[in-house]
Amino acid sequence: MYAQQGLGMKRDYDLARKYYRLGVLESDAYCYCQLGVMYALGQGVKKDAHAALDYYMQAAEMGDALCYCNVAWLYESGELGKPDLQTAIKWYKKGAIRKEEHAIEALKRLNVPFEK
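Residues numbered from 1 in each chain as written. Predicted model: local features only at pLDDT ≥ 70, side-chain atom pairs only at ≥ 80, totals over all residues. Heavy atoms only, no water.

Draft legend 1. Main features of the nonpolar core. In terms of nonpolar packing, the biggest core is built from 39 residues, with Y56, L74 and Y92 touching the most fellow members. At the level of elements, helix 2 (13-25), helix 3 (29-41), helix 4 (49-61), helix 5 (65-77), helix 6 (85-97) and helix 7 (101-109) are the ones that each hand at least two residues to this core. In terms of residue count, the dominant contributor to this core is helix 3 (nine residues). The contacts of Y56, once residues within four sequence positions are left out, are C33, G36, V37, A40, C67, N70, V71 and L74. (Core = buried A, V, L, I, M, F, W, Y, C linked by side-chain atoms within 4.5 Å. Buried < 20%, exposed > 50% of the residue type's maximum accessible area, 1.4 Å probe, protein only. Helix = DSSP H or I, 4+ residues; strand = E, 2+ residues; numbered from the N terminus. Contact = heavy atoms within 4.5 Å.)

Here it is, written out as structure tokens:
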């Protein structure tokens with residue numbers, strides 16, 4: 001995280017990616033999610049929404065609620081091709097069930113009813 005964000009040290013995406021990959025070997029959901037972020041934003045790698053989706057899906061399957069939002073955003077924004085609002089809503093709802101505030105706010109923004 002320090003290398004990716006440049007907190008307390010020089011930003012070094014290669015180092016960040018190295019440590020996140022080590023975390024992936026240990027099945028760490030956060031590391032999967034952060035590798036997804038790096039691919040989604042093109043941080044030290046070629047921007048690749050499909051690679052980001054793969055990493056986000058792995059983290060989501062491990063229960064990382066924020067990654068449900070990240071998956072939803074890829075579908076909503078059209079980063080994967082044509083925007084797919086129905087699929088995005090499905091993923092936002094999965095995040096909202098887990099009390100992920102970003103998911104709840106996205107559902108409100110999209111005027112989708114959701115009960116906690």
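Next comes the rest of the write-up.
Draft legend 2. Structural context of the pattern of salt bridges. Following the criterion strictly, the structure yields four salt bridges and no others. With its nearest N and O atoms 3.8 Å apart, the salt bridge here joins E79 to K47. In this pair, E79 sits in the loop between helix 5 and helix 6 while K47 sits in the loop between helix 3 and helix 4, placing the two residues 32 residues apart along the sequence. In this structure E79 comes out as partly exposed when scored by relative accessible area, which is 37%. Two residues, E76 and R109, come together in a salt bridge whose shortest N-O distance is 2.6 Å. Taken as a pair, E76 in helix 5 and R109 in helix 7 lie far apart in primary sequence, 33 residues in all. Take E76: its relative accessible area is 14%, and that puts it in the buried class. Given the relative accessible area of 46%, R109 is considered partly exposed. (Salt bridge = Lys/Arg side-chain N within 4 Å of Asp/Glu carboxyl O.)

Draft legend 3. Representation of the packing of helix 4 against helix 5. Here helix 4 crosses helix 5 at 150°, and the two axes come no closer than 8 Å. Judged on the interaxial angle alone, helix 5 and helix 4 are roughly antiparallel. Note that helix 4 runs across helix 5; the crossing there is left-handed. Together, A49, A52, L53, Y56, M57, A59 and A60 of helix 4 and C67, Y68, N70, V71, L74 and Y75 of helix 5 make up the contact between the two elements. Looking at the contact of helix 4 with helix 5 residue by residue, the class counts come to twelve nonpolar, one polar and no charged. (Axes fitted to C-alpha atoms, helices over the stretch in contact; angles between N-to-C directions. Parallel < 35°, antiparallel > 145°, perpendicular 65-115°, else oblique. Left-handed = near helix turned anticlockwise from the far one by under 90°. Nonpolar A, V, L, I, M, F, W, Y, C, P; charged D, E, K, R; others polar.)

Draft legend 4. The arrangement of the state of the cysteines in detail. Enumeration according to the criterion identifies zero disulfides in this entry. We note that C69 lacks a disulfide partner, and the nearest cysteine sulfur, in C67, lies 8.9 Å from it. Accessibility expressed as a relative area gives 5% for C69, which makes it buried. (Disulfide = S-S within 2.5 Å.)

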